[in-house]
Amino acid sequence: MNLNVELNSVARRYGRVKAVDGVSFSAAPGEVIALVGHNGAGKTTLIKLMLGLARPTAGSVAVLGQDPAAGDATVRRRLGYLPETVSFNPALTGRETLRFYVRLKGGRRDEEDALLERIGLAHAADRRIGTYSKGMRQRLGLAQAMIGTPAVLLLDEPTTGLDPELRQQFYAIVREMQAVGATVLLSSHALNELEGNASRVVILNDGRKIADGTLDELRHIARLPTRIRLKTVEGGAKRLREWMGEPAGLRQINGHIVELDATPEDKAAFLRRTAGEGAPFEDLEMVPPGLDELYAHFLSERASR
Ligand SMILES: Nc1ncnc2c1ncn2[C@@H]1O[C@H](COP(=O)(O)OP(=O)(O)OP(=O)(O)O)[C@@H](O)[C@H]1O
């Protein structure tokens, strides 16, 4: 398979600190991979290794088939990077700044105007960056990372400081990049927003990779229960409990709602029962474990080893 990123047993030490410790993974075109982990887990270092800004102390890194630290300009031009903290000259306008980066990267003439339009900053193109809000600066940073339609886009905590609407717009742009075959790697602490937006999740802890897969794969490995919530008519919770046979762990939330945590096997058996006659509920809701629960699970599993 054609891979845009390949990391093989990569380690990066800073003195005694193992910022990245034996990490291997690969990323194909069209994948959106979320790097998640506590502060100091090694996310930024991993991104810097892929950019060639840090060299591995062991193992190998290949981006677009090349060692990114070797300084090959053709590879660099096909990489886009949004750093954790974007900092632009406040005295320049958005357009001037982007034009500067387009020239630096050998981008198309007037590409800055198309990018400003795309990220919704055309109306402020001629305003000085010193007057921009945090969200506007972050969007300008994303526009800068998108110059030349990169094959690999590395985004370090890109949605920090963005309001919910801007986050949606941000992920819409990520999907557009994904659709044209870019590999997008983004680090984030906002686990809930990654659901439905990342095709794969890599969990890091103390520089090590402790989980890697789609959300469904991680759910399958973790075998965490699904929350089943049943609603009935007001005052009907008692009858519902009796019909369910008062299973251990059943929680009565109020007079008409009960909740149960079901293993994958219990869930299937329960669903078969609910399909029968006379099930005394009006509505059923199933909530599979979210990324925050999976994350906590993998971390606690690691800690107990
Ligand atoms: N240049 C450096 N010199 C010394 N130590 C470093 C350097 N860069 C990173 N580290 C250390 O490596 C570890 C991993 O840091 P890194 O910035 O990669 O984590 P992170 O997961 O991105 O954290 P955050 O979520 O806080 O941004 C930390 O212990 C950090 O202090």
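Residues numbered from 1 in each chain as written. Predicted model: local features only at pLDDT ≥ 70, side-chain atom pairs only at ≥ 80, totals over all residues. Heavy atoms only, no water.

Looking at an unreviewed UniProt entry, one finds the chain named ABC transporter ATP-binding protein and attributed to Ollibium composti. As its UniProt record puts it under Sequence similarities (unreviewed entry), the chain is described as follows: "Belongs to the ABC transporter superfamily." (UniProt positions renumbered as here; feature names shortened; annotations may be inferred.)

Regarding unusual backbone geometry
Positive phi values are uncommon outside glycine, yet L64 reaches one of about 50°. Within the fold, L64 resides in the loop between strand 4 (58-63) and helix 2 (73-77). For L64, a relative accessible area of 18% gives the class buried. Despite not being glycine, D110 has its phi angle at roughly 65°, a positive value. Looking at where D110 falls in the secondary structure, it is placed in the loop between helix 3 (94-104) and helix 4 (111-118). (Helix = DSSP H or I, 4+ residues; strand = E, 2+ residues; numbered from the N terminus. Buried < 20%, exposed > 50% of the residue type's maximum accessible area, 1.4 Å probe, protein only.)

Details of the site of the ligand
N39, G40, K43, T44 and T45 are the nearest of the 14 residues found near the ligand. At a separation of 3.4 Å, an oxygen atom of the ligand approaches a polar side-chain atom of E84. Protein contact buries 63% of the 630 Å² of open area that the ligand shows by itself. Of all the elements in the fold, those that place two or more residues in the shell around the ligand are strand 2 (17-27) and helix 1 (43-51). Here the element with the most residues in the shell around the ligand is helix 1; it accounts for 3 residues. (Near = heavy atom within 4 Å. Polar contact = N/O pair within 3.5 Å; in protein donor to acceptor, adjacent residues only side chain to side chain. Areas by Shrake-Rupley, 256 points an atom, 1.4 Å probe, with all protein chains shown as cover.)

Let's talk about the packing of helix 8 (residues 215-222) against helix 11 (residues 291-303)
For any two helices packed against each other, one specifies the inter-axial angle together with the distance between the axes. The interhelical angle for the contact between helix 8 and helix 11, taken along N-to-C directions, is 45°, at an axis separation of 11 Å. It follows that helix 8 is oblique to helix 11 by the angle criterion. In this structure, the crossing between helix 8 and helix 11 has a hand that is left-handed. Contacts between helix 8 and helix 11 pair L215, L218, R219, I221 and A222 from the former with L291, L294, H297 and F298 from the latter. In terms of residue class, the contact of helix 8 with helix 11 is made up of 7 nonpolar, 1 polar and 1 charged. (Axes fitted to C-alpha atoms, helices over the stretch in contact; angles between N-to-C directions. Parallel < 35°, antiparallel > 145°, perpendicular 65-115°, else oblique. Left-handed = near helix turned anticlockwise from the far one by under 90°. Contact = heavy atoms within 4.5 Å. Nonpolar A, V, L, I, M, F, W, Y, C, P; charged D, E, K, R; others polar.)

Some words on the sheet that holds strand 2
Reading across from one edge, 2-1-4 is the order of the 3 strands in this open sheet, with antiparallel pairing throughout. Of all the strands in the sheet, the pair left with one neighbour each is strand 2 and strand 4. Along the sheet, successive strands turn relative to each other by an average axial angle of 25°, direction set aside. The pairing of strand 1 (residues 5-14) with strand 4 spans 5 bridges and is classified as antiparallel. Counterpart to V5 in the pairing with strand 4 is V63. (Pairing = 2+ DSSP bridges.)

Some remarks on the pattern of salt bridges
A pair can form between side chains of opposite charge whenever their charged atoms are brought close. Summed over all chains, the structure comprises 15 salt bridges. D126 serves as the salt-bridge partner of R95, at 2.5 Å between the closest nitrogen and oxygen. Linking R95 in helix 3 with D126 in the loop between helix 4 and helix 5 (134-145), this pair joins segments that are 31 residues apart in sequence. Overlapping salt bridges, with partners in common, bring together E31, R200, K209 and D212 in one network. (Salt bridge = Lys/Arg side-chain N within 4 Å of Asp/Glu carboxyl O.)

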